[in-house]
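# Architecture at a glance
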Amino acid sequence: MSALVAEQLLNGLQFGIMLFLLAAGLTLVFGIMGVINLAHGSLFMVGGFAAALVAQASGQWWLGLLAGLAAAAATGMVVEVVVLRRLYARDHLDQVLATFGLILFFNQGITMLFGRQPLMVQLPQGFSGSIEIMPGLPYPSFRLLIIAVGLLVALGLYWLIQHTRIGMLVRAGATHRDMVRALGVDIRALYTVVFGLGALLAGLAGVMAGPLSNVQVGMGEQILILTFVVVVIGGIGSVRGALFGALLVGVTQTLLSGFVPGWLRQVMGGSEADALGAALSSMGVYVLMAVVLLVKPRGLFPAHA
Amino acid sequence: MRNALPPLAVLLAAAIALPWAAEALGQPATIGLATRILCLGIAAASLNLILGHGGMVSFGHALYYGLGAYTVGILWEHFRLGEPIFGVIPGSNELLVTLPIAMVVAGVAAAVIGALSLRTSGVQFIMITLAFAQMGFFLFVGLKAYGGDDGMLVRRRNIVPGLDLRDQNQLYWLCLGFLVAWLLLQWRIVESRFGRVLEGIRQNERRMAAIGIATYRYKLVAFIIAGMGCGLAGALTANYLRFVSPDLMAWQKSGEIMVMVILGGVGTLLGPVVGAAALVGMEYVLGGITENWQFFLGPILLAVVLWAPGGIMGLLGRGARRG
Amino acid sequence: MALWGCLAGGRGVVEALLSVRGLRKRFGGLAATDDVTLDVRPGELHALIGPNGAGKTTLIGQLTGEITPDAGHVVFCGEDITRLSVAARVKRGLARSFQIVQLLDDDTALANVALAVQAQAGHSFRFWRAAGRDAGLLEPARALLEQVGLARHDTRVADLSHGERKLLELAMALAARPQLLLLDEPMAGLGAAESLAMTETLRALKGGLSILLIEHDMEAVFALADRITVLVYGRAIATGTAEEIRANPAVQDAYLAEELAP
């Protein structure tokens, strides 16, 4: 297979991993708590910003990583206690509006603190080069790191969900929320743990995204909508579905945006081809979602009975 | 409704008199602001039909707003250039042509998207409607021929026999007329048999199936009607702004329209218009104080959701009765 | 329209109004419905009893269309309805009441029944005329409420008592003008007087339509039922008249003998 295609596939894999980090938390929160949280993207943004600032100030990317994770987890917990707790019993409209309000709050807050200009983030020392993984294909080692981290997280989640007590509660909660409550489990503690885990993963994704695409206000929402597509395709409440859907969406989106503009340039002018190419490749994922829904309205691996 | 007639009549009279009052007070800019409120009011009212009465939380409603606006814009562009669309469909600058086409375009889009999306419900439905609207956004960002990301000017407003829409007062009255007509239509729909089914679906879809109602087709019809109303709002907006851009169908716009519905009072007739006025008013007043006024809108929205779920109409004692 | 169905329209008189054959449904490792076969004859009141967890709710779900069986058939008036939607079955004359009431809480009792009447009449794609003042809907609705004995027509469901809500459930099912009424524990949570009243109301319905009654209230069951089927762990272990069931040793094993005493 040509180096170009291999490179795009790897990029797609890496993008898919990032989507998975976001989608895993989101799908668990949907599935277990029944809450739709639009502010999930804000946690992504908070993680990215905290990491960028601390990395810049200290010169150490790894400190930034820790700061990003801590900031995202802390923000997540505050959001859960102050806002989300009051929304569990409410209907979806209330949840959408309340968390939409949170988005406005966070976006404007970050703007007030740091302005609208994107923050540049340096690649971490030791990962700023490339590794030749195939003859003629040098691939950025940072992206390989993301893939590695993502796969580790996936394995970790698998172990957590399939082989621990908390994981059992998570699985039970995703399929039978009321039953878990009836078992006398402290549901609030479970919710906080699940939400915190989701926030941590979102923050991790934000930290990792920084060196690749800079950190700026509104970065959360673009990727959040794609994350929604992943969750819809994968099936609500299913981490396995989130992984599958994320990889599918990531690879599709990347391959399309890698090759479609090139194809279009053969039939139309340069800048027009680029613009339309970008648009069509963005649309491609939604067409994919539509096709999946036609066949399986509840996604590929729905958790609920 | 009977005993609401006198206050409504007063309200309508005041709305009609607004341009003269504004000019007399030396505040002609208010008329433009009010026109914006009227257009957004139609959009919010149409969302209220499916959201407030049907219980369908569509987070992609701005797509139809944008489609309506772009229909006007594209028809104008082809009229200006003298080239038919796809070589077949001639452009137009006549409101009596562009408005119906805008509504049809929006309606067809709503039919297709609704047919797919309404196979799901709950959280999935919200996400799917959002995703489809995003798809539309990306499509228009990619259409450089119609401005792409930067948007497209619609230099002249459409022409209508008997009116000159270059006069902002006349455009205002036209929009007011459409708002009143749409609210009247919506009021009748809500009270009709169809509306009762819709309300039933909102309250308990399982019960509706159990009395023999095939709920999908009713939801789809409501979705299409709402899409057409929003398309109408978009087409009027394109005339007002004389500019169209993909932002008109971005997720933020969908959110704004939803905020208007909740701020004003979900499920009430005038709530969406009141909400539109409130949001536009807040933007104008708070935006004059600080660029970051949305920082305050967030908590305000939260507060309304948590503590005043009936919105402004609820606070005025005219909210919809909800269990 | 539900009135012409089995007994007209060229099908002739059928042996069984509802015929369930070999119905199976598994949830994971659990066989909730295990090869169930039963018949409801035209005009009979057939009771379905069994201990909690016997699978009555799952069975009802498959009869009404909310649950798709893994195997087996449900035949109504000679037509295989196994894969038909809930609404389609209602249109063919199969209506149910819910054990946990499913009502439109924001509306009055009258509005609830009027909507059911409207759904049965079949003309709901009307967009202009107000439905709330349509005598063609309100009068039949009032008649139904009187038939079940619910007096407070204009009270919001949220303000009705539990007993009144159960009556409303029944009225909603009757509004569909069904030939077969599936009643899921209509006496649940009712006091002694209310149960007696409900029993009489159901007795008055007998003969006009067929009823499949799921109940725990054995007094009502023995007072009303023409035949009884006993469901245990998803299997129908016995079907027969009240005497046959009471005398059946397998049934006595499943239930304490005293529960079955009249």
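About the criteria used
- Residues numbered from 1 in each chain as written.
- Chains lettered and ligands numbered in written order.
- Predicted model: local features only at pLDDT ≥ 70, side-chain atom pairs only at ≥ 80, totals over all residues.
- Helix = DSSP H or I, 4+ residues; strand = E, 2+ residues; numbered from the N terminus.
- Rg over C-alpha atoms; globule rule 2.2 N^0.38 Å.
- Buried ≥ 20, exposed ≤ 12 C-beta atoms within 10 Å, placed from the backbone.
- Contact = placed C-beta atoms within 7 Å.
- Nonpolar A, V, L, I, M, F, W, Y, C, P; charged D, E, K, R; others polar.
- Axes fitted to C-alpha atoms, helices over the stretch in contact; angles between N-to-C directions.
- Parallel < 35°, antiparallel > 145°, perpendicular 65-115°, else oblique.
- Left-handed = near helix turned anticlockwise from the far one by under 90°.
- Expected span 1.5 Å × (residues − 1).
- Pairing = 2+ DSSP bridges.
- pLDDT = per-residue confidence, 0-100.
- Domains from an automatic or database assignment.

Here the focus is the overall build of chain B. Secondary structure summary: chain B contains 13 helices and two strands in total. In terms of C-alpha radius of gyration, chain B reaches 19 Å, essentially the compact-globule figure of 20 Å for 323 residues. Considered along the principal axes of its C-alpha atoms, chain B spans approximately 55 × 50 × 40 Å. Sorting the 323 residues of chain B into buried and exposed places 56% on the buried side. When contacts within chain B are restricted to residue pairs at least 6 apart in sequence, those whose partners lie at least 24 apart make up 75%.

It is worth spelling out the overall build of chain C at this point. Along the backbone of chain C there are 10 helices and 10 strands. Over its C-alpha atoms chain C spans a radius of gyration of 18 Å, differing by no more than 12% from the 18 Å that the globule rule assigns to 262 residues. For chain C, the C-alpha atoms occupy an extent of roughly 60 × 45 × 40 Å along the three principal directions. Of all 262 residues assigned to chain C, the portion counted as buried reaches 46%. Partitioning the intrachain contacts of chain C with sequence separation of at least 6 by distance along the chain shows that 67% fall at a separation of at least 24.

This next bit is on the interface of chain A and chain B. On the side of chain B, 39 residues touch chain A, which itself brings 41 residues to the contact. Going through the elements one at a time, α4 (92-114), α9 (219-234) and α11 (270-295) of chain A are the ones with two or more residues in the side of chain A that touches chain B. Counting residues per element, the side of chain A that touches chain B draws most heavily on α4 of chain A, at 15 residues. Among the residues making up the side of chain A that touches chain B, the classes are represented as 30 nonpolar, seven polar and four charged.

Residue and element names in this part refer to chain A. The N-to-C vectors of α9 and helix α10 (residues 239-265) enclose an angle of 125°; their axes lie 8 Å apart at closest approach. With respect to each other, α9 and α10 are oriented oblique. α10 is crossed by α9, and the crossing has right-handed handedness. Across from Leu226, Val229, Val230, Val231, Ile233 and Gly234 in α9, the residues of α10 making contact are Gly241, Ala242, Phe244, Gly245, Ala246, Leu248 and Val249. Split by residue class, the contact of α9 with α10 holds 10 nonpolar, three polar and no charged.

With 13 residues, helix α3 (residues 109-121) of chain C extends 18 Å between its outermost C-alpha atoms, agreeing within 8% with the 18 Å of an ideal straight helix rising 1.5 Å per residue. Counted residue by residue, α3 of chain C has 12 buried out of 13 residues, so it is predominantly covered. Looking at the buried positions of α3 of chain C, the neighbouring elements they touch are α7 (193-203) of chain B together with α4 (135-148) and α5 (162-175) of chain C. One or two residues past the end of α3 of chain C sits Gly122 of chain C, with phi positive at roughly 90°.

The subject of this paragraph is the interface of chain B and chain C. Across the contact, 22 residues belong to chain B and 30 residues belong to chain C. Put simply, the parts of the chain that give the side of chain B that touches chain C at least two residues each are α6 (168-191), α7 and α8 (205-210) of chain B. Ranked by the residues each element gives to the side of chain B that touches chain C, the list is headed by α7 of chain B, at six residues. Residue classes in the side of chain B that touches chain C are distributed as eight nonpolar, six polar and eight charged.

Next up on the list: the environment of Leu263 of chain B. Residue and element names in this part refer to chain B. Along the polypeptide, Leu263 turns up in helix α10 (residues 251-264). Between the alpha carbons of Leu263 and Leu301 there is a distance of 7.6 Å; along the sequence they are 38 residues apart. Not counting chain neighbours up to four residues away, the residues in contact with Leu263 comprise Gly275, Ala278, Leu279, Val304, Gly311 and Ile312.

Before going further, it helps to spend a moment on the pairing of strand β10 (residues 235-240) of chain C. Across five bridges, strand β9 (residues 227-232) of chain C lies against β10 of chain C in antiparallel orientation. By the bridge assignment, Val230 of chain C is partnered in β10 of chain C with Ala238 of chain C.

Moving on, we get to the confidence of the model for chain C. Note that predicted coordinates carrying low pLDDT should not be read in detail. Overall, the predicted model of chain C reaches an average pLDDT of 89, with 92% of residues at or above 70. With pLDDT under 50 throughout, residues 1-5 of chain C is counted as low confidence; its partners more than four residues away or in other chains account for 12 contacts.

Residue and element names in this part refer to chain C. Parsing chain C into structural domains produces domain 1 (1-93 + 178-262) and domain 2 (103-177). Relative placement of domain 1 and domain 2: their C-alpha centres are 25 Å apart. At three residues, the largest contribution of residues to the side of domain 1 that touches domain 2 is made by helix α6 (residues 192-205).

The next thing to look at is the sheet that holds strand β8 (residues 210-214) of chain C. All names here are of chain C. The strand order β6-β7-β8-β3-β9-β10 describes an open sheet built from six strands, whose pairing is mixed. Only two strands of the sheet have a single neighbouring strand rather than two, namely β6 (94-97) and β10. Looking at each pair of strands side by side, their axes are set apart by 20° on average, direction ignored. Contacts from helix α1 (residues 56-64) reach β3 (45-49), β6, β7 (180-184), β8 and β9 within the one sheet, and its direction differs from that of β7 by about 150°. Across the sheet, α5 touches β6 and β7, and the angle it forms with β6 is around 170°.

So, about the arrangement of the chains. Ranking by contact count across two pairs of chains in contact places chains A and B at the top. The least C-alpha distance between chain A and chain C, which are not in contact, is 9 Å.

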